[in-house]
Amino acid sequence: MRRLAWTRQWAFAVVVAITGVAGTACAAGAAPGQPDRVVAEASRVADRAGHATAFIPGYDDSELSAVACTSRANCMVVGGRSAPAGAVAFAKRWNGRAWIQLSTPSQPIDYYGAPSPLASVSCPSASFCQAVGEVGAEGWNGRAWLRERTATSYRGPELNSVSCASATSCVAVGLRSGRTAGLLTFAETWDGRSWTVHDPANPAGSRDDMLNSVSCASASDCVAVGQSGAPRTLAEYWNGRTWRLLAIPTVAATETWLSAISCSSATSCLAVGRAGLHGLAESWNGSRWRLLPQPSGSPAAVSCTAATSCVVVGATGTDTTAAQAWNGSSWRPLPMPRFSGPLAGVSCVSSTSCMAAGSVLPGPSRTGEGEPVGDVVQDGVGELAMRWDGQSWRALFVDPADSLRGVSCLGASQCVAVGGYLTRSVTAATLSAWWNGSSWRRQAAPAAAPGSLADVSCTSADRCVAVGSGGEPGVPRFALAEQWNGRSWRAAPMASLGRYGSESAVSCAGTSCLAVGDGLLTELWNGARWKVVTARRPPHFAAGDFTDVSCASTTFCMATGWFYPGAEADPAPFAESWNGTRWTLLSAPAVMYGAVSCLSASFCMAAGGQAVATWNGSAWQASTLPGSFGAGAHVTGVSCPSTSACMVVGYYLIKNSSNFVVSAANLAEFWNGSAWRILSVAGPGGGLADVSCASPASCMAVGVVGAGQVGTHTLAEDWTGGAGFHVLATPNP
């Protein structure tokens with residue numbers, strides 16, 4: 001039928017800045033930062049502490065920034081969850097058996113007018129932790145997190161890292177805005193009662209100086225690292241009273257910086273970072289710095305229990321998780337489950353017990369204002385925690401990412417829905433379920449490569465074809481297809497296998513199916529095998545994708561899409577028709593990232609945003625959906641069982657008086673041939689992705705919703721001709 005990833009509609013993304021700091025902690029409590037500020041799209045409208053609950057599709061979710069452990073059975077992780085008004089701070093505690101969600105006090109707004117996450121944490125004991133963020137600090141007393149007052153007289157201060165030698169001695173470092181321009185280093189100390197500013201030194205004549213990480217072997221022996229100017233590596237020493245700059249070796253790279261440091265003693269510290277495109281490592285022996293052999297990938301965090309025992313985590317050159325160990329003279333890779341998304345923090349209590357934390361990004365992403373973004377299962381960000389036992393890494397926690405993204409109905413009691421989820425081993429996996437009129441039953445996926453399904457089309461109960469994207473997380477995607485024979489799904493390898501690409505929609509007529517997707521990738525299924533067919537490019541085509549396809553017969557299909565008519569141009573819609581042999585460019589419907597449903601060569605309906613357009617065989621006639629939709633409607637699915645019955649579904653965003661998005665709501669409207677009728681949509685807001693109508697009085701819509709405190713869950717609702725939809729219980733792996 002049709003499938004349009006609702007995240008592909010996100011042209012009006014609310015952008016918030018989240019300080020992208022990498023956290024770490026050794027036994028002494030080091031917790032570093034990372035030099036770059038990560039700009040992320042807002043996520044769930046919730047801080048998971050019992051406040052708002054709406055889920056906004058297409059937004060990033062949450063990230064763990066740092067971890068600190070006092071024993072194998074006691075670890076604290078902190079981070080931030082994206083929210084429309086900014087990132088929300090959060091914390092969790094590991095008790096050796098499970099993760100416990102902790103309530104954290106609200107952080108004040110930052111210099112840019114948004115709340116901020118927690119960037120770093122240090123725990124000298126189980127009953128005391130100190131966490132810092134962009135504009136605030138919080139203390140853990142063994143029972144609760146309490147907000148603490150930090151410097152308010154400085155312009156734009158940000159705390160990237162904290163290290164505590166004891167409950168009465170902590171040092172936090174970061175950056176602040178200069179009086180005229182540029183950035184200056186910044187530091188505060190904690191004496192058990194309050195924070196006091198102690199400005200570190202700044203290199204003479206330098207601009208844009210910052211400290212990313214600090215580690216304290218004792219109250220009078222702390223080393224902080226960061227970057228200065230171009231940037232170049234920066235190191236400073238705190239003796240308990242004053243800061244002084246440390247001479248540090250340089251390397252032949254245009255840009256160098258240190259992101260993390262861990263000191264196992266006053267005479268043994270290891271700092272890691274980047275030198276251009278390569279890893280960088282330097283050691284401090286209490287009197288001087290020494291360059292070390294380059295670590296692989298992009299080191300983000302380090303934890304040392306001895307001079308000859310350090311663990312470094314981060315990402316590989318392809319942005320998949322990585323870990324390596326330093327024995328005092330050389331690096332050794334530590335194999336771990338492979339997924340996209342860097343590890344940001346690590347804390348070791350011994351050489352055989354480490355906890356690492358970060359975020360899951362289960363595949364490549366393409367983001368940008370006005371540009372469609374990737375599929376939910378491929379691009380959703382969630383929390384990840386992994387444990388090292390001296391032999392291997394094991395995932396202890398990962399946000400679920402269950403979603404239904406396409407649906408095809410043959411009757412009121414015959415629907416197939418497809419999507420994807422994340423397995424316990426952090427692998428993207430296909431998901432499908434069958435609706436029998438009273439309940440959903442999950443169907444087993446074929447033993448094929450990992451991936452996720454984006455759309456499905458059924459011509460009979462024993463003939464369905466589903467398409468999507470496959471490949472190990474972090475590896476370039478390839479188009480994926482599966483075939484249903486009435487009993488089981490089996491892999492149906494596409495002709496483009498091995499070529500980067502992804503199919504976003506499929507439509508079948510008889511034994512023939514047409515699949516369309518990224519980069520105008522088009523393939524034709526003849527019932528036995530796939531064949532690549534070349535689509536027509538719109539004039540001045542620079543880049544673009546098909547978003548949906550609908551086949552009324554084997555000799556007529558309509559596909560809609562978007563493209564850039566030039567490198568600097570705004571995206572524009574386009575449409576093409578397929579006659580069974582070749583593609584023909586048509587006049588473009590006035591809908592962006594549109595979905596389409598066709599009954600014949602002379603009737604199609606396309607919908608996208610708040611616009612709809614009807615095809616009469618020669619031209620499109622545009623109209624607008626009625627209703628008030630806050631920040632704007634985002635129609636993601638359309639299905640027309642007759643020329644006088646069409647259903648559209650999607651979502652819209654609601655803003656508050658400060659113009660921040662505060663919630664998301666599902667939408668559905670029905671066309672009776674002359675007018676649109678707004679329908680009530682049940683359940684939590686923000687996630688209808690597709691709809692299929694078997695008759696003018698029987699439709700099924702599917703999507704995704706926030707799963708309370710973690711990840712996402714599948715959503716399905718049915719409509720039987722009344723005033724609104726009804727939520728149905730759906731399977732979640």
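Residues numbered from 1 in each chain as written. Predicted model: local features only at pLDDT ≥ 70, side-chain atom pairs only at ≥ 80, totals over all residues. Heavy atoms only, no water.

**Student:** Even after reading the chapter, I still don't get the overall build of the protein, so can you show me in this structure?
**Tutor:** A count of helices and strands for the protein gives one helix and 58 strands. Looking at the protein residue by residue over its 733 residues, the buried ones come to 61%. Looking at the protein alone, contacts between residues at least 24 apart form 52% of all its contacts between residues at least 6 apart. Working note: accessible area of the protein is about 25300 Å², and carbon and sulfur atoms make up 51% of it. (Helix = DSSP H or I, 4+ residues; strand = E, 2+ residues; numbered from the N terminus. Buried < 20%, exposed > 50% of the residue type's maximum accessible area, 1.4 Å probe, protein only. Contact = heavy atoms within 4.5 Å. Areas by Shrake-Rupley, 256 points an atom, 1.4 Å probe, with all protein chains shown as cover.)

**Student:** What is the right way to look at the packing of aromatic side chains in this model?
**Tutor:** In this description, a pair of aromatic rings is defined by centroid distance and the angle of the planes. Evaluated as defined, the whole model comprises 21 aromatic pairs. Ring centres 5.0 Å apart and planes at 50° place the aromatic pair Trp 326 and Trp 331 in the tilted group. Here Trp 326 and Trp 331 have matching classes, each one buried. A centroid spacing of 5.2 Å and a plane angle of 45° characterise the contact between Trp 525 and Trp 530, whose relative ring orientation is tilted. Residue classification places Trp 525 among the buried positions, given a relative accessible area of 2%. The buried category is assigned to Trp 530, whose relative accessible area is 6%. One aromatic cluster in this structure is built from Phe 541, Phe 546, Phe 563, Phe 574, Trp 578 and Trp 583. (Phe/Tyr/Trp six-rings, centres within 6.5 Å; stacked < 30°, edge-to-face > 60°.)

**Student:** Sorry, what's going on with the pairing of strand β33 (residues 428–435) here?
**Tutor:** Consecutive residues of a regular strand have side chains that alternate between opposite faces of the sheet. In terms of burial, β33 is largely enclosed, as eight of its eight residues are buried. Of the two faces of β33, the one lined by Ala 428, Thr 430, Ser 432 and Trp 434 and the one lined by Ala 429, Leu 431, Ala 433 and Trp 435 are each fully buried. In this sheet, strand β34 (residues 440–443) lies alongside β33 in antiparallel orientation, the contact comprising four bridges. By the bridge assignment for β34, Trp 435 is matched with Trp 440. (Pairing = 2+ DSSP bridges.)

**Student:** Is there a simple way to explain the sheet that holds strand β45 (residues 572–578) in this structure?
**Tutor:** Strand pairing in a sheet relies on backbone hydrogen bonds, with the paired strands running either antiparallel or parallel. Overall, antiparallel pairing links the four strands, which are arranged β43-β44-β45-β46 in an open sheet. At either margin of the open sheet sits one strand with a lone partner, and together these are β43 (543–553) and β46 (583–586). Going across the sheet, the axis of each strand differs from the next one's by a mean of 25°, ignoring polarity. In the sheet, β45 pairs with β46 via four bridges, with the strands oriented antiparallel. Within β46, the residue paired with Ala 575 across the bridge is Leu 586. (Axes fitted to C-alpha atoms, helices over the stretch in contact; angles between N-to-C directions.)

**Student:** Help me understand the side chain of Asp 221 in this model?
**Tutor:** The topology assignment puts Asp 221 in strand β16 (residues 221–228). Of the side chains bearing the opposite charge, Arg 244 lies closest to the buried Asp 221, which forms no salt bridge; the N-O distance is 8.3 Å. Among the polar contacts listed, one links the side chain of Asp 221 to the side chain of Tyr 237, at a separation of 3.2 Å. Those residues in contact with Asp 221 that sit more than four places away from it in its chain are Ser 215, Cys 216, Tyr 237, Trp 238 and Ala 266. (Lys, Arg positive; Asp, Glu negative; His and termini not counted. Salt bridge = Lys/Arg side-chain N within 4 Å of Asp/Glu carboxyl O. Polar contact = N/O pair within 3.5 Å; in protein donor to acceptor, adjacent residues only side chain to side chain.)

**Student:** How should the pairing of β16 be read in this particular structure?
**Tutor:** When you tally the buried positions in β16, you get eight out of eight residues, the bulk of the element. Here β16 shows two buried faces, one formed by Asp 221, Val 223, Val 225 and Gln 227 and the other by Cys 222, Ala 224, Gly 226 and Ser 228. In this structure, strand β15 (residues 210–218) lies alongside β16, joined through seven bridges in antiparallel fashion. Counterpart to Cys 216 in the pairing with β16 is Cys 222. Two successive antiparallel strands, β15 and β16, enclose a turn made up of two residues. Here β16 pairs with strand β17 (residues 232–238) via seven bridges, running antiparallel. By the bridge assignment, Cys 222 is partnered in β17 with Trp 238. Where β16 folds back on β17, the antiparallel hairpin that results is connected by three residues, among which Gly 229 adopts a positive phi of roughly 65°.

**Student:** So what exactly am I meant to see when it comes to the side chain of Ser 303 here?
**Tutor:** With respect to the secondary-structure elements, Ser 303 resides in strand β23 (residues 298–306). For Ser 303, a relative accessible area of 1% gives the class buried. Reaching out from Ser 303, the side chain makes a polar contact with the backbone nitrogen of Cys 348 at a distance of 2.9 Å.

Coordinates in, geometry out; function isn't part of it.
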